[in-house]
Amino acid sequence: MTSSPALMIEARGVEKWYPNGFHALRGVDLYVHQGEVVVIMGPSGSGKSTFLRTFNALEDFQKGSIVVDGIEISDDLRRIDAIRREVGMVFQQFNLFPHLTVLDNLTLAPVKVRKRPKAEVERQALELLERVGIAEQAHKFPGQLSGGQQQRVAIARSLCMEPRIMLFDEPTSALDPEMVQEVLSVMQELARDGMTMVVVSHEVRFARKVASRVVLMADGEVVEEAPPQEFFTNPRHERSKQFLSQIS
Amino acid sequence: MASTAPLVVRANPLRRLQKELFGSRLDGLISIALLAALLAAGLGFFRWALFQAQWVVLSANSTLFAVGRYPVDQQWRLWLLTSLLALATGLSWGLLRAFPGSGAVQPLWPRNDRWAAAILAALALWRPMALQLTLAIQLRWWGIAALLLFARWASGRYGPAIPHACRRLIPLLWPLLYLVGMVLISGGLGLVQVPPSEWGGLLLTVLMATFAILLCFPLGVLLALGRRSELPLLRWGSVIYIEFIRGAPLITLLFLGQNILGFLLPGGLTPDRVWRAAWVLTFFAAAYVAEAVRSGLVAVPAGQLEAARSLGLPVPLALVHVVLPQALRVALPATVGQFISLLQDTTLLSLIGLLDLLGTARTVMANPMFLGKSAEVYLVLAILFWSCCAALGLGSRALETRLNPHSPSAPQA
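All values reported here derive from a predicted model rather than from experimental measurement.

As a further point, take the domain arrangement of chain B. All names here are of chain B. Segmentation of chain B into domains returns domain 1 (71-191) and domain 2 (194-406). For domain 1 versus domain 2, the separation of C-alpha centres amounts to 25 Å. For the pair domain 1 and domain 2, the summed buried area comes to about 930 Å², and 67% of that belongs to carbon and sulfur atoms. When the buried surface of domain 1 facing domain 2 is broken down by residue, Tyr178, Met182 and Ile185 rank first, second and third, together holding 49% of it. Between domain 1 and domain 2 we count 0 salt bridges in total. Seen at the junction of domain 1 and domain 2, the total is 3 residue pairs in polar contact (both at pLDDT 80 or more). For the side of domain 1 that touches domain 2, the secondary structure elements donating two or more residues are α6 (75-98) and α10 (173-186). For the side of domain 1 that touches domain 2, the element with the highest residue contribution is α10, accounting for 4 residues. Taken together, the residues of the side of domain 1 that touches domain 2 sort by class into 8 nonpolar, 4 polar and 1 charged.

Okay, here's the thing in structure tokens:
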């Protein structure tokens, strides 16, 4: 092996129990290199969202280790804040701040956390809104936008922090069907620009086109991990075949 | 045609009234009986108010009701403070109209404002005369009202010319004015000291209410956050405090404050009776405000804090910029409700011997000269309190529409 791209996420043997005793993650490993797009699939309750949320410490875990961009996740809040600055997250429910305009949604964190001058951040924010195709909505409030537009704002909001990794937690599941594509094409473009991405999603066409690898999770474990071509045409495991027959 | 019928009804309010009140024979009878009863009550009230009531009890004691036993030679300080307040009110009012917020378009003098200005002017003209004040004092009231309306006009007209940087400092006028007011009222900094025991009437009531309202709000927010904290000590401390305070009637706490603070603190350190009561009011109201704010915090989806945290905002920044603005907006009506009942709770101060509005009223009514004049006094007290509470309520509703990004006044499409 020659020198491979830097390791951005390194999760080893991650185990999580919920307070009610439910064993949500049962020793999961995942390695994501710079520029890779990893799509995590799996039936609901398989722990895929929980696993994704451990990468920026929105969920804690009891066993194993996770190193993100060279920083190991621990209880140290400052370390967690340092990771979160470098890791963008896009949620199923958008979670835009409804009391702020679209532009203020984008500029809040860079101005308050990175302490960058407001005028400069606003210029960058407008560029990003241009890139996701909604520059003309900059002064509206999130409640005045459609779901697809809101999700594109949410992506732009994360990008405004100039993250090195982007996490997507079912970004199109809450959207009306006709709006799914506009969000996916933004994500596709992001992947083409070389962003490291981990995406929890059931969008097969997106995974086929963009993913470097597809990971199938079930019952808190990784069942299969393979390049999309192989995964969708010739899945090795019985559980994968079953899952694919259900979603197609 | 069935579809035109409702239109006709809506177009003619008289016709609608007729239909609602005299729809059938029984309806007509009930309506006539009720209207007759209302008319009789109204006539009786006006006959009493105009011919029987002796308003001299109020005009003779107007100073007492306004400021209590505040020394006469120091009362210029209160006049100055009132003028400053009028100036600041007019200024803020005009600026609020000149900058309706969120880029909404609004006339400089909406109909409600013209009404408010007219009512203000009428009150300023009529009230000093009705109270048979001396001409000098009448003139002062007219001057103050004119000052308010002039500031309203001028700031509405010329407000946009003020540079942005200066305009942002204008809200600071109010806390500054509050501190100046405190000094003016109590003395110090070269002014003669007027001990709190000499404050009274409306002055004491308003002072107590504003002091408690201003301090209980931040305290309540902190308690609400504490109650939702993940740190057990903070959480249980807040829960115990809130539940203890909410479980005890205010009057017992007021008596407790008067007696216990004296034992707890070394002699010289115990604050004056008036301040002790003010702090008890504050701590009491804070527990209720905390519950109102907590209801607002519950209404903010968990995803908001997660989104803010995943952008790298530390918890305090996430609370200040993301969670609290949304939570406080939801909690605003309930919080103002608490402020209104706090204002009314100040009447309990009369039971621990302070001369607030009600306390003053009771001493006046105990005066043999004015025996049996309680109806007049209580009616005026009720109207005074109603005006203050209505003002709070109107202010809160205006704030709500101003803060709501989806209100019709916000820019659309």
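Now that the structure has been shown, we can carry on.
Another aspect to go through is the environment of Val68(A). All names here are of chain A. Tracing the sequence through the fold places Val68 in strand β4 (residues 63-68). Val68 sits in the buried class, given a relative accessible area of 2%. Spatially, the C-alpha atoms of Val68 and Leu96 are 25 Å apart, while their sequence positions differ by 28 residues. Apart from the residues lying within four places of it in its own chain, the contact partners of Val68 are Met8, Phe55, Ile73, Ile83, Val87 and Ile165.

Here the focus is the sheet that holds strand β1 (residues 7-17) of chain A. The strand order across the open sheet built from 4 strands is β2-β1-β4-β5 (chain A), with neighbouring strands paired in antiparallel fashion. Each edge of the open sheet is held by one strand with a lone partner, namely β2 (23-33) and β5 (71-72) of chain A.

For the rest of this paragraph, the subject is the packing of α6(B) against α10(B). Angle between the axes and distance between the axes are the two parameters that describe a pair of packed helices. All names here are of chain B. Two elements in contact, α6 and α10, have axes separated by 9 Å at closest approach and are oriented at 170°. Judged by the inter-axis angle, α6 sits roughly antiparallel to α10. Contacts from Arg77, Leu78, Leu80, Leu81, Leu84, Leu85, Ala88, Thr89, Leu91 and Ser92 of α6 reach α10 at Leu173, Trp174, Leu177, Val180, Gly181, Val183, Leu184, Ile185 and Ser186. Class assignment of the residues belonging to the contact of α6 with α10 gives a composition of 14 nonpolar, 4 polar and 1 charged.

This part is about the interface of chain B and chain A. On the side of chain A, 26 residues touch chain B, which itself brings 22 residues to the contact. For the chain B and chain A pair, buried surface summed over both sides reaches about 2,100 Å², with 62% attributable to carbon and sulfur atoms. Summed over the shared surface of chain B and chain A, the number is 2 salt bridges. Between Asp81(A) and Arg309(B) there is a salt bridge, and its shortest N-O distance comes to 3.2 Å.

Each value, and the rule that gives it
- Numbers given for residues are sequential positions, taken from 1 along each chain in its written order.
- Each chain takes a letter, starting from A, and each ligand takes a number, starting from 1, following the order in which they are written.
- The predicted nature of this model means local features are confined to residues of pLDDT at least 70 and side-chain atom pairs, given and counted, to a pLDDT of 80 or more, with totals for whole chains, interfaces and linings taken over all residues.
- Only hydrogens and water are removed before side-chain values are computed, so all heavy atoms of the structure are retained for them.
- Domain delimitation in this document rests on an assignment produced automatically or drawn from a domain database.
- Put simply, buried area is how much 1.4 Å-probe accessible surface two parts lose in total, over both of them, once they are put together.
- Here, a salt bridge means any Lys or Arg side-chain nitrogen found within 4 Å of an Asp or Glu carboxyl oxygen.
- A 3.5 Å cut-off defines polar contacts: any pair of N or O atoms within that distance qualifies, except that in protein one atom must be a possible hydrogen donor and the other a possible acceptor, and neighbouring residues in sequence count only when both atoms are side-chain atoms.
- The secondary structure listing takes helices from DSSP runs of H or I that are at least 4 residues long and strands from runs of E that are at least 2 residues long, numbered from the N terminus.
- We call Asp, Glu, Lys and Arg charged. Ala, Val, Leu, Ile, Met, Phe, Trp, Tyr, Cys and Pro are nonpolar, and the rest, Gly among them, are polar.
- A simple rule labels every residue: compare its accessible area, found with a 1.4 Å probe on the protein chains alone, to the largest value its type can have, and call it buried under 20%, exposed over 50%, or partly exposed in between.
- Here, residues are in contact when the closest pair of their heavy atoms is within 4.5 Å.
- When DSSP finds two or more bridges between two strands, those strands count as paired.
- In this analysis, axes come from line fits to C-alpha atoms, helices being fitted only over the stretch in contact, and the angle between any two N-to-C directions falls in the range 0 to 180 degrees.
- Angle categories: roughly parallel below 35 degrees, roughly antiparallel above 145, roughly perpendicular from 65 to 115, and oblique for all the rest.

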